[in-house]
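Okay, here's what each chain looks like letter by letter:
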Amino acid sequence: MTLWSGRFDTAPDPDAFDFGISFGFDRALFEDDIRGSLAWADALGAAGVLSAEDTAAIVAALNGILDEGRRDPAFVSGPDEDVHSFVERQLVARVGDAGRRLHTGRSRNEQVSLDLRLYLRRRIPLLQEGIARLVGACTDQAERAGDALMPSYTHMRRAQPVLVAHFYLSHAAALRRDHARLAGAAAEADALTLGSGAIAGTSYPVDTGRLARALGFSRVVLNSIDASSDRDFVASFLFATSLAMVHLSRMAEDFILFTGEEHGFFGLSDASATGSSMMPQKKNPDPLELVRGKTGRAVGRLTGWLTTMKALPTGYNKDLQEDKEAVFDAEATLAASLRATHAVIARLTLNASTTEAAASGLLLATDVADYLTTRGVPFRRAHEIVGAMVRQLLAEGRDFSALSRDEWTAASELFGADAARAATPRASVEAKRTPQSTSPDAVRAAIAECRTWVENLPKPSA
Ligand code: ARG
């Protein structure tokens, strides 16, 4: 028995019907579906469409169904086409005709969009909490790193010395954008669809403004036709999760490299690494590799969903049912990846002597050029002079620290007795002047700012 069997004279072919069943996954919307139905019953009652007795009976029965589903998740199952059909079957079993009146003026088309909007609005804050926790771990590591130095890289070649703390905070900065992007997706989902009917609106005088407030929405959709097939909020959510995964993947890549033998900058904790079944010496960064690998899954969900949406004619189409598995999978992937990344990052140790050794040498060339520039040499000219020094030092297997006073003067008259002191990794970071730079003062302020950001986030209520 389906919600629509009255129109048909034969039972459905299982190969066709079972193909369309979504209850296996949309049962995740159980609580949201009941919440929406409770508010709808109340709105129909207030509009005089349902009697006070019917409204009271429906509300009591829906609350009973909700309690039972919460107590025993296995209760939320059966031969039903989808979660909406399940709830209605349970309702009719409890209150008969009153239950049959609940769907007055409402369609599953607006109901399923409503449910998914309610779902995302309660689940997105949990993902944001996972992001904030990882930002917190990066901030802790930044603090712990103190004034330790490491090389930064461009083109994967040593570029300039930076504070290790600055590097950790660079990842925190990207994650904070993900946090904001998820808030944007939640804001897009923040619109009531009820009152749209199947596509043309509803002919019952339902107060949609009141209904929106009751369900915690700040607005009502603009257009019932658009509302029946608008899943832009799903695409935005999948984009936000994909980009967050891309950031986790890049972070994973950095630490896979930097914890390996070739760099040896950081140490993986035994608690967040794995061994090899054959090579006893191995300590592998499996969790980071898996985060990097699962990023393909998240991006695939986004690509798949955009592909599903692109050719849909206006109005609800069953293709839209594909939205839910994409959302649930992307959400679960990001949630688990955030936890795994946190487990690794929070336990990393720093090999400061290795990072500091790697932060000195010819990567101070920019600072040497800056020295000349502050003494009036045009930067392009300074670049040439220092370039020639680098060429010679490379050929001799030396670096700036090995230059004698005479050699400095031979390169340029403008190099004074303090030139050698300016060409150290510590002087390099201390010379930086902008707030976003690796200057120790700026980084100290950035750690405090990041800490304040984490502490002032609203705590999820769910
Ligand atoms: N299971 C459907 C979905 O996920 C619910 C809406 C069904 N509406 C319909 N007219 N068949 O999209």
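Caption draft 1: Focus on the side chain of serine 272. One can find serine 272 in the loop between β3 (266–267) and α12 (286–310). Setting aside its immediate chain neighbours within four residues, serine 272 contacts Pro287, Ala343, Val344 and Arg347.

Caption draft 2: Highlighting the nonpolar core. Phe30, Phe237, Phe255, Phe266 and Ile345 are the most contacted members of the largest nonpolar core, which has 104 residues in total. With 15 residues, helix α7 (residues 108–145) is the single largest residue contributor to this core. Setting aside residues up to four positions removed in sequence, phenylalanine 237 forms contacts with Leu120, Ile124, Leu127, Leu182, Ala185, Val327 and Glu331. Membership of the second largest hydrophobic core comes to 19 residues, among which are Leu364, Ala365, Leu403 and Ala423.

Caption draft 3: Spatial organisation of unusual backbone geometry. A positive phi is found at histidine 155, a non-glycine position, where the angle reads about 55 degrees. For histidine 155, the location among the structural elements is in the loop between β1 (149–154) and β2 (157–163). By relative accessible area, histidine 155 is classed as exposed at 72%. Despite not being glycine, methionine 156 has its phi angle at roughly 60 degrees, a positive value. With respect to the secondary-structure elements, methionine 156 resides in the loop between β1 and β2. The exposure class assigned to methionine 156 is partly exposed, which follows from its relative accessible area of 42%.

Caption draft 4: Region of interest: the pairing of β1. Pairing between β1 and β2: 5 bridges, direction antiparallel. When the bridges of β2 are listed, leucine 149 appears paired with leucine 163.

The rules behind each value
- Residues numbered from 1 in each chain as written.
- Predicted model: local features only at pLDDT ≥ 70, side-chain atom pairs only at ≥ 80, totals over all residues.
- Heavy atoms only, no water.
- Helix = DSSP H or I, 4+ residues; strand = E, 2+ residues; numbered from the N terminus.
- Contact = heavy atoms within 4.5 Å.
- Core = buried A, V, L, I, M, F, W, Y, C linked by side-chain atoms within 4.5 Å.
- Buried < 20%, exposed > 50% of the residue type's maximum accessible area, 1.4 Å probe, protein only.
- Pairing = 2+ DSSP bridges.

Distances and angles like these do not, on their own, reveal function.
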